[in-house]
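# Structural overview
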Amino acid sequence: MYFEEWDEPMISGIGWVSELVEAAGGIDVVQDAGRTKERQGPHRDAEAVIAARPDIVIGSWCGKKFVPAKFAARPGFDVIPAVRDGFLREIKSTLILQPGPAALTDGLDALETIVAEWASRPSTRVA
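Below you will find a few notes about this structure.

Rules used in this analysis
- Residues numbered from 1 in each chain as written.
- Predicted model: local features only at pLDDT ≥ 70, side-chain atom pairs only at ≥ 80, totals over all residues.
- Heavy atoms only, no water.
- Helix = DSSP H or I, 4+ residues; strand = E, 2+ residues; numbered from the N terminus.
- Buried < 20%, exposed > 50% of the residue type's maximum accessible area, 1.4 Å probe, protein only.
- Contact = heavy atoms within 4.5 Å.
- Areas by Shrake-Rupley, 256 points an atom, 1.4 Å probe, with all protein chains shown as cover.
- Pairing = 2+ DSSP bridges.
- Axes fitted to C-alpha atoms, helices over the stretch in contact; angles between N-to-C directions.
- Polar contact = N/O pair within 3.5 Å; in protein donor to acceptor, adjacent residues only side chain to side chain.

Of regular secondary structure, the protein chain possesses six helices and three strands. The linear arrangement of helices and strands in the protein chain, starting from the amino end, is β-α-α-β-α-α-β-α-α. Burial analysis of the protein chain (127 residues in total) assigns 37% to the buried set. Contacts spanning at least 24 positions in sequence make up 70% of the contacts within the protein chain whose residues lie at least 6 apart. Accessible surface computed for the protein chain: about 7,000 Å², of which carbon and sulfur atoms make up 58%.

Next up, the structure:
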């Protein structure tokens, strides 16, 4: 799962959001990217997101609506499974990006719902 907190520049990787993604049954594809010597901080480059190939993309652009078509239109993003399969979802930033009870209740519930929706989809993979 790729959880994006802002679009320009691409920002992802708030610690508690990564923990909530894991608690919801997901795997945050950029969880450790902000902790390496090469990449200090939350900024992401498109190549890293493309290489991670997330099955789920969640946008929570603080202060503005997540626009799946804008995310999907980024150069090279058409190869990301979540983009290819149309699995781009939004969680309102007020539910998950502000530390406190809402993130632990409503934010986690929203993540769990998205993970369950993805897991219940018919498999499109060819063996």
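Read on for the rest.
A separate point is the sheet that holds strand β2 (residues 57–59). Reading across the sheet, the three strands line up as β1-β2-β3 and stay open at both edges, with parallel pairing between neighbours. In this open sheet, the two edge strands, each paired with only one partner strand, are β1 (2–4) and β3 (88–90). Direction aside, neighbouring strands of the sheet carry axes that sit 20 degrees apart on average. Where β1 lies against β2, three bridges are found, and the strand directions are parallel. Of the residues in β2, the one forming a bridge with Tyr 2 is Val 57.

Here the focus is the environment of Phe 77. Note that Phe 77 resides in the loop between α3 (68–72) and α4 (81–84). With 31 residues separating them along the chain, Phe 77 and Ala 46 place their C-alpha atoms 8.0 Å apart.

Before going further, it helps to examine the environment of Asp 85. Within the secondary structure, Asp 85 is located in the loop between α4 and β3. Judged by its relative accessible area of 31%, Asp 85 falls in the partly exposed class. Distance from Asp 85 to Ile 56, taken between C-alpha atoms, is 9.2 Å for residues 29 residues apart in sequence. In terms of polar contacts, Asp 85 uses its side chain to reach the side chain of Arg 84, at 3.0 Å.

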